[in-house]
Amino acid sequence: MAKDKQYSPATLTREEPAKKATVSSPAAPKIAPIRSTVAEPVHPTTSAALPFGRKNYTLMLIGIGVILAGFFIMSLDKEEFGFGFLGLTLGPIVVMSGFVLEFFAILARPKA
């Protein structure tokens, strides 16, 4: 420790006597109203509503099938490294058409 710093008990303790706090009746805290634990009945149409209609989901499944068929077509190419007609032309066209179908399936409005 450095000798130039002086520590005295006066700096560590409080010289003033503690003031007595006035005791008053505590004010009742405001309590927020409690929600009832019984939930309101939920209509089955709102809780089971799906974001898309049946038409949308069927188009999405068809689009996934078309994409998988395109990759399968690309794998059938017998040329070296898949450089034949199936691997470079037909397969990618089928895959892209599957993605276009998926895009249409997402944006199609379900019938209400």
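Note: the structure precedes this text.
Residues numbered from 1 in each chain as written. Predicted model: local features only at pLDDT ≥ 70, side-chain atom pairs only at ≥ 80, totals over all residues. Heavy atoms only, no water.

> Lay out the environment of Val95 with the relevant residues and their values.
Here Val95 shows up in helix H4 (residues 85-107). Separated by 24 residues in the primary sequence, Val95 and Phe71 place their C-alpha atoms 6.8 Å from one another. Ignoring anything within four residues of it in the chain, the contact list for Val95 reads Ile67, Gly70, Phe71 and Met74. (Helix = DSSP H or I, 4+ residues; strand = E, 2+ residues; numbered from the N terminus. Contact = heavy atoms within 4.5 Å.)

> Can you break down the packing of aromatic side chains residue by residue, with the values?
In total, this model carries 2 aromatic pairs according to the counting rule given. With a centroid separation of 5.8 Å and 85° between ring planes, the pair formed by Phe52 and Tyr57 is classed as edge-to-face. Overall, the relative accessible area of 27% leaves Phe52 in the partly exposed class. (Phe/Tyr/Trp six-rings, centres within 6.5 Å; stacked < 30°, edge-to-face > 60°. Buried < 20%, exposed > 50% of the residue type's maximum accessible area, 1.4 Å probe, protein only.)

> Describe in detail unusual backbone geometry, supporting the description with residues and values.
Here Phe81, not a glycine, exhibits a phi torsion of approximately 60°, which is positive. Its place among the elements puts Phe81 in the loop between helix H3 (54-75) and H4. For Phe81, a relative accessible area of 67% puts it in the exposed group.

> Lay out the environment of Gly84 with the relevant residues and their values.
Checked against the element boundaries, Gly84 lands in the loop between H3 and H4. Taking the relative accessible area as the measure of exposure, Gly84 reaches 10% and is therefore buried. Remark: the alpha-carbon pair of Gly84 and Met74, spanning 10 residues in sequence, is separated by 9.1 Å. Setting aside chain neighbours within four positions, we find Gly84 in contact with Asp77, Glu79 and Thr89.

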